[in-house]
Amino acid sequence: MPMASTSRTGLPRRIVVTGASGNVGTALLRRLAAHPAQLDIVAIARRIPPARDPYAAAKWCAVDLAAPDAARVLTPIFAEADAVVHLAWGFQPSHRRDYLRQVAVDGTRAVVTAAADAGVGHVIHMSSAAVYSDGAYGREVDESWAREGVPTCVYSVDKVAAEKFLDDFETGTNVPVLTRFRPGFIGQLVSGSGLERYVLPEFVPAGITNHLPLIPIDHGLTIPAVHSDDVADALVAALERRVPGPFNLGAPTPVGARDFAAPFDCPTIPVPRWGLSALAEATWRLRLQPVQGGWIDLAYTCPMLDCSRAREELGWSPKYDGPEVWSETVRGMRSAMGTDSPVLSPRSARERLAALVERGPIGRRIPS
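Please read all numbers here as calculations on a predicted model, not as lab measurements.

## A closer look at the overall build of the protein
Argument step 1. Scanning the protein from N- to C-terminus turns up 12 helices and 15 strands.
Argument step 2. Taken over the C-alpha trace, the protein has a radius of gyration of 20 Å; the compact-globule value for 368 residues is 21 Å, and the two agree within 12%.
Argument step 3. Looking at the 368 residues of the protein, the share that counts as buried comes to 55%.
Argument step 4. Total accessible area computed for the protein in this model is approximately 15800 Å², and 57% of it derives from carbon and sulfur atoms.
Argument step 5. Distance between charge centroids for the protein: 5 Å, based on 38 positive and 39 negative side chains.

In structure tokens:
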């Protein structure tokens with residue numbers, strides 16, 4: 001079993017970040033680029049963004065974590081690294097269950113195995129509050145709460161599977177110190193275009209969220225949220241202190257139904273959660289929109305988060321509150337805010353057309 005220090009020792013010299021072009025990766029690169037220490041940052045993504053800030057702060061390697069040989073490819077990249085921050089995850093295409101599993105679970109296995117083989121001393125895994133079991137909705141839980149997730153939500157199922165792999169891996173010898181973070185919804189202004197990619201169909205014109213007539217919602221909604229910059233601060237603190245174990249990350253105030261609807265400037269209509277889930281699932285199966293019904297189930301299952309451990313052991317304190325995080329993210333979506341990253345850039349007309357051609361007629365089966 002690994003030994004770990006909880007005292008502040010300074011950032012490691014060489015840090016490798018997977019999924020560095022995404023929401024949290026972008027925030028972390030901003031944070032590391034502003035750090036006064038001379039850092040050697042290696043960034044990994046399937047599609048490399050242009051060499052402009054904050055992405056210019058890193059040396060980039062193109063790796064698809066879903067590839068069967070991902071561990072073999074990663075091992076030499078991890079050579080001489082002091083720490084690996086594993087942020088990579090897949091959300092699309094949502095009908096390709098096989099690919100999402102390969103990225104999430106097999107990709108996590110490849111990263112951690114390669115890190116151990118390369119002699120990396122510390123690995124940080126970005127898990128999620130989605131691992132937590134039902135039974136505490138609207139109440140805070142600490143990191144000891146049961147981790148069976150939400151069976152209808154692919155994202156939750158895969159987050160649970162990745163953590164169970166880490167549970168088994170940690171029982172071995174000569175393994176890296178493993179730190180896990182379990183945040184709620186993570187958002188920032190420049191993740192707005194990324195959120196649009198995940199939740200709106202490609203045939204929907206840009207700016208549609210500025211003209212919503214109403215929002216159907218179950219008024220019992222309570223979602224934990226945290227700002228991307230606050231997550232980046234927690235990552236840096238964990239890198240400095242090299243502390244093992246899980247940490248919840250969430251702002252003090254959750255996003256309620258009223259907070260959810262407020263940034264859209266339109267009225268709401270009450271619809272029970274089961275109705276929202278059934279509607280999302282049916283339209284997802286018809287390929288009318290990319291959000292499976294399990295995401296609705298997750299939104300009405302995920303508990304609030306007791307973040308005492310992050311405060312006490314990492315000295316972490318969020319600067320943004322939950323409704324503020326959601327409002328900023330929606331503002332970014334409505335104004336097409338993003339970055340040069342392929343993951344966070346606004347959809348172009350060419351991308352929309354290509355996605356429509358690839359999707360084909362409604363009801364066309366896609367292998368899963």
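## Things to note about the pairing of strand E7 (residues 177-183)
Argument step 1. A large share of E7 lies buried, amounting to 7 of its 7 residues.
Argument step 2. The alternating pattern of E7 places Val177, Thr179, Phe181 and Pro183 and Leu178, Arg180 and Arg182 on opposite faces, both of which are buried.
Argument step 3. With 5 bridges joining them, strand E5 (residues 122-126) and E7 adopt parallel strand pairing. Bridged to Ile124 within E7 is Thr179.
Argument step 4. Judged from the 5 bridges that link them, E7 and strand E12 (residues 245-249) form a sheet pairing that is parallel. Residue pairing in the sheet places Thr179 in a bridge with Gly245 of E12.

## Some thoughts on the confidence of the model for the protein
Argument step 1. Here the protein averages 91 in pLDDT, and 92% of its residues register 70 or above.
Argument step 2. This model gives residues 1-6 a pLDDT under 50, and the stretch forms 17 contacts once residues within four places in sequence are excluded.

## Some words on the packing of aromatic side chains
Argument step 1. Scanning the entire structure with this criterion turns up 12 aromatic pairs.
Argument step 2. One Lys or Arg, Lys159, reaches over the ring of Trp89 and ends 3.6 Å from the middle of that ring.
Argument step 3. The residue whose ring lies beneath Arg309 is Phe247, and the NZ or CZ to ring-centre distance is 4.0 Å.

## Some thoughts on the sheet that holds strand E4 (residues 83-86)
Argument step 1. Taking strand neighbours across the sheet as the criterion, the 7 strands line up as E3-E2-E1-E4-E5-E7-E12 in an open arrangement whose pairing is parallel. At either margin of the open sheet sits one strand with a lone partner, and together these are strand E3 (59-62) and E12. Neighbour-to-neighbour, the strand axes of this sheet turn through a mean angle of 20°, independent of strand direction.
Argument step 2. By the bridge criterion, 4 bridges tie strand E2 (residues 40-45) to E3 in an arrangement that is parallel. Looking at the pairing, Ala43 lines up with Trp60 of E3.
Argument step 3. Across the sheet, helix H6 (residues 228-241) is in contact with strand E1 (14-18), E4, E5, E7 and E12; its angle to E5 comes to roughly 160°.

## A word on helix H2 (residues 70-78)
Argument step 1. Residues Ala70, Leu74, Ile77 and Phe78 constitute the buried set of H2. End-on view of H2: buried residues confined to an arc of 90°, all on one side of the axis. The exposed residues of H2 that point more than 90 degrees off its buried face are Arg72 and Pro76.
Argument step 2. Close packing links the buried residues of H2 with E1, E2, E3, E4 and helix H3 (97-117).
Argument step 3. Positive backbone phi, at 70°, marks Glu80, one or two positions downstream of H2.

## Points about the pairing of E4
Argument step 1. The alternating pattern of E4 places Ala83 and Val85 on one face and Val84 and His86 on the opposite face, and all of these are buried.
Argument step 2. Summarising the sheet, E4 and E5 pair through 4 bridges and their orientation is parallel. Across the sheet, residue Val84 finds its bridge partner in E5, namely Val123.
Argument step 3. Considered for its hand, the β-α-β crossover made up of E4, H3 and E5 is right-handed.

## Observations concerning the pattern of salt bridges
Oppositely charged side chains can pair when the atoms bearing their charge come close.
Argument step 1. For the structure shown, the criterion picks out 22 salt bridges.
Argument step 2. As a salt-bridge pair, Arg96 and Asp98 come within 2.9 Å of each other at their nearest N and O atoms.
Argument step 3. Of the residues examined, Arg96 reaches a relative accessible area of 27% and is grouped as partly exposed.
Argument step 4. Put simply, Arg97 and Asp158 hold a salt bridge, and the shortest N to O gap is 2.7 Å. Linking Arg97 in helix H3 with Asp158 in helix H4 (residues 154-170), this pair joins segments that are 61 residues apart in sequence.
Argument step 5. Using a relative accessible area of 26% as the deciding quantity, one classes Arg97 as partly exposed.
Argument step 6. Shared partners join several salt bridges into a network, and the residues in it are Arg147, Glu163, Asp167, Glu170, Arg180 and Arg182.

## Some details on the environment of His211
Argument step 1. Relative to the helices and strands, His211 resides in the loop between helix H5 (192-199) and strand E9 (215-217).
Argument step 2. In this structure the C-alpha to C-alpha distance between His211 and Asp265, which are 54 residues apart in sequence, comes to 8.9 Å.

## A word on the environment of Glu80
Argument step 1. Relative to the elements of secondary structure, Glu80 occurs in the loop between H2 and E4.
Argument step 2. Assessed through its relative accessible area of 62%, Glu80 is described here as exposed.
Argument step 3. Residues Glu80 and Ile15, spaced 65 residues apart in sequence, show a C-alpha to C-alpha distance of 9.4 Å.
Argument step 4. For Glu80, the residues in contact, after removing those within four places along its chain, are Arg13 and Arg14.

Definitions and cut-offs
- Residue positions are given per chain, counting from 1 as you read along its sequence in written order.
- Only residues with pLDDT of at least 70 are given local features in this predicted model, and only at 80 or more are side-chain atom pairs given and counted; all residues enter the totals for whole chains, interfaces and linings.
- Excluded from the side-chain calculations are hydrogens and water; all other atoms, namely the structure's heavy atoms, are used.
- Put simply, DSSP H or I for four residues or longer makes a helix, DSSP E for two residues or longer makes a strand, and each gets a number counted from the N terminus.
- Here the globule rule is a power law, 2.2 Å times the number of residues to the power 0.38, and the radius of gyration is based on C-alpha atoms.
- To sort residues, take the accessible area from a 1.4 Å probe on protein chains only and compare it with the maximum for the residue type: under 20% means buried, over 50% means exposed, and anything in between is partly exposed.
- Here, Shrake-Rupley sampling with a 1.4 Å probe gives the accessible areas, and only protein chains in the shown set may cover a residue.
- Under the convention used here, Asp and Glu are negative, Lys and Arg are positive, and both His and the chain ends fall outside the count.
- Lysine's charge is taken at NZ, arginine's at CZ, aspartate's at CG and glutamate's at CD.
- Two strands are said to pair when DSSP picks up at least two bridges between them.
- Across the chain, each position has a pLDDT score giving the predictor's confidence in that residue, from 0 to 100.
- Contact definition: two residues touch when any of their heavy atoms are within 4.5 Å.
- Each aromatic pair joins two rings of Phe, Tyr and Trp (for Trp, the six-membered one) with centres within 6.5 Å, and gets the label stacked for planes under 30 degrees apart, edge-to-face for over 60, and tilted for any other angle.
- Over a ring means this: the NZ of a Lys or the CZ of an Arg is within 6 Å of the ring centre and within 35 degrees of the ring normal.
- Interaxial angles span 0 to 180 degrees and are taken between N-to-C directions of axes, which are lines fitted to C-alpha atoms, for helices over the stretch in contact.
- To be clear, the arc concerns the directions from the helix axis to the C-beta atoms.
- With strands facing away from the observer, any crossover in which the path from the first strand over the helix to the second runs clockwise is taken as right-handed.
- What counts as a salt bridge is simple: a side-chain nitrogen of Lys or Arg found within 4 Å of a carboxyl oxygen of Asp or Glu.

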